[in-house]
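Residue strings, one per chain:
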Amino acid sequence: MLKLNQIPRKEPKIRIGIILPRDILKTLQLSFSDPECYEIETSSKIFPSCTNKKKINIEANDNKIIIPQLSLNSNSIKFIPSIPDDNPFVKINKVPAGRGFHWEKKIDLSYWGTIELSCINNNIMVINELPLENYLKCVATSEMSAICPQEFLKAQFIIARSWLLANIERKHVHLSFDICNDDCCQRYQGILNTTKKSNEVSELTFGKVITYNNKIGDARYSKSCGGITENFENVWVGNKIPYLTSIEDKNSKGIPYCSTDILSESSLKTYIGNIDDDGEYYRWNYKINNKNLIHSLKNNFSLDVKKILELNPIKVGASGRIIKLEIVFLNIDDRTMNIEIISEYQIRKILSPSFLYSSAFTVNKIKDQFILEGKGWGHGVGLCQIGALGMALSNNKVMSILSHYYPGTEIETIYNK
Ligand SMILES: [Zn+2]
Ligand SMILES: [Zn+2]
């Protein structure tokens, strides 16, 4: 596991939860790229190789992991690559993705490193442990095309490494892994998104992180700030963080790096992929569906609303993101009431069933219809991915990109090969 408040001086290993107790899985199928490249370790024994079973079935029973084909029955079973440099992999069938979202699905995915199986309340839990740099090759540039400028990809690797090693959130420590494989922490689809380019950029930035006051920087980022980035304390609970402070995301001529003046919508898609088909990454309009909003107020706050009367921004952050919104409404007894929605996250969640792009919007009311005119995508704190791409396309180096978004930080190499 990653240690808290400690800068590693050699490449650490990272533990990722792949199948969690909440997935309530009782059976599972695994297969190996080469079974002879794996040792099996149970709580009491070590077996030198997987005895040539390419595909194995796993069951949870009586709070134990059981593999009938290998006559194994133990509290925990590990498959450890015995020739790690050759990067053999294990394929796991039906791994959950998008837990809790309407697009939740199950996909077959392959993983480098050790696979650990254990039983929690008679459900299978799977943890993948691998060297940090191999993990970064899988996640740092997923969804990004190899034609992205190298300085931008380097920035992506350095911030992904910094965010992991700053190790702030620690949501899953009680289950003995560092992060999960989903959007709750960071989407991880095994070796699916690794490319020659991701290997190359990992080598070029090996062990590099951003630091501030001798600590690894909490390198948060979002898709697009909309022209100005947001202050940390306006989005999350906590004190100001000096390098997560609002900056103007503009070049010396005052043109926003995240704007169509630097990069058109259509060419943007060739760089960052079709994340959202009708995605408008810079400026957008959203028509509120009054019925949906009434439903959402009922679901989230148990309010019986007859009619929405007004949406009033009460507190607005430096980037234009609304951080407190008043909703004035008529209740079913025809009394005028109001509720304050606090936090940009809540505002985005309450106002749209598919999660609003950002809370940086102005409200236009035409008769009973509310139209939001918005900008940006995401919380807007720290690095703006589309702006960083714009900076790299305007010939900026990784150092100027990172010191633009995280003022006062430095790039440091904390470990070597
Ligand atoms: Zn998580
Ligand atoms: Zn921006």
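The model shown is predicted, which means the values in this text are computed figures rather than measured ones.

Draft legend 1. Fine view of the overall build of the protein chain. Across its full length, the protein chain holds nine helices and 24 strands. Its C-alpha atoms give the protein chain a radius of gyration of 24 Å, near enough to 22 Å, the size a compact globule of 417 residues would have. Once the C-alpha set of the protein chain is aligned to its principal axes, its extents read approximately 70 × 55 × 40 Å. Looking at the protein chain as a whole, 41% of its 417 residues qualify as buried. At a minimum sequence separation of 6, the contacts of the protein chain that also span at least 24 residues come to 66%.

Draft legend 2. View of the sheet that holds strand β19 (residues 322–331). Overall, antiparallel pairing links the three strands, which are arranged β18-β19-β20 in an open sheet. One side of each edge strand has no neighbouring strand; the edge strands of this open sheet are β18 (305–316) and β20 (336–342). If you compare each strand with its neighbour and ignore which way they point, the axes differ by 20 degrees on average. Against the sheet, helix α6 (residues 290–301) touches β18 and β20, its axis set at about 80 degrees to β18.

Draft legend 3. Fine view of the sheet that holds strand β14 (residues 208–212). If you walk across this open sheet you meet the three strands as β15-β14-β24, and the pairing is antiparallel. Two strands bound the open sheet, and with one partner strand each, they are β15 (215–216) and β24 (410–413). Here β14 pairs with β15 via two bridges, running antiparallel. From the neighbouring strand, Tyr212 faces β15, where its bridge partner is Lys215.

Draft legend 4. Region of interest: the domain arrangement of the protein chain. Its domain assignment divides the protein chain into domain 1 (13–197), domain 2 (220–278 + 379–413) and domain 3 (283–375). Each of domain 1 and domain 2 has a C-alpha centre, and the two are 31 Å apart. Every contact between the two is made by 13 residues of domain 1 and, on the other side, 18 residues of domain 2. Residue classes in the side of domain 1 that touches domain 2 are distributed as nine nonpolar, one polar and three charged.

Draft legend 5. The environment of Tyr188, seen in detail. Note that Tyr188 resides in the loop between β13 (179–180) and α3 (196–204). The exposure class assigned to Tyr188 is buried, which follows from the 24 C-beta atoms found within 10 Å. Taking the C-alpha atoms as reference points, Tyr188 and Ser358, 170 residues apart in sequence, are found 24 Å from one another. Setting aside residues no more than four positions away along its own chain, Tyr188 makes contact with Ile16, Cys138, Val139 and Asn181.

Draft legend 6. Representation of the pairing of strand β21 (residues 361–366). Relative to strand β22 (residues 369–375), β21 runs antiparallel, the two sharing six bridges. The residue bridging Asn364 from the neighbouring strand is Ile371, located in β22. Adjacent in sequence and paired antiparallel, β21 and β22 are bridged by two residues, among which Lys367 carries a positive phi angle near 55 degrees.

Draft legend 7. The environment of Cys185, seen in detail. Along the chain, the position of Cys185 falls in the loop between β13 and α3. Overall, the presence of 19 C-beta atoms within 10 Å leaves Cys185 in the partly exposed class. Once the C-alpha coordinates of Cys185 and Val139 are considered, the two residues, 46 residues apart in sequence, prove to be 12 Å apart. Those residues within four positions of Cys185 in sequence are excluded, and the remaining contacts are Lys171, Ile179 and Cys180.

Cut-offs and rules
Residues numbered from 1 in each chain as written. Chains lettered and ligands numbered in written order. Predicted model: local features only at pLDDT ≥ 70, side-chain atom pairs only at ≥ 80, totals over all residues. Helix = DSSP H or I, 4+ residues; strand = E, 2+ residues; numbered from the N terminus. Rg over C-alpha atoms; globule rule 2.2 N^0.38 Å. Buried ≥ 20, exposed ≤ 12 C-beta atoms within 10 Å, placed from the backbone. Contact = placed C-beta atoms within 7 Å. Pairing = 2+ DSSP bridges. Axes fitted to C-alpha atoms, helices over the stretch in contact; angles between N-to-C directions. Domains from an automatic or database assignment. Nonpolar A, V, L, I, M, F, W, Y, C, P; charged D, E, K, R; others polar.

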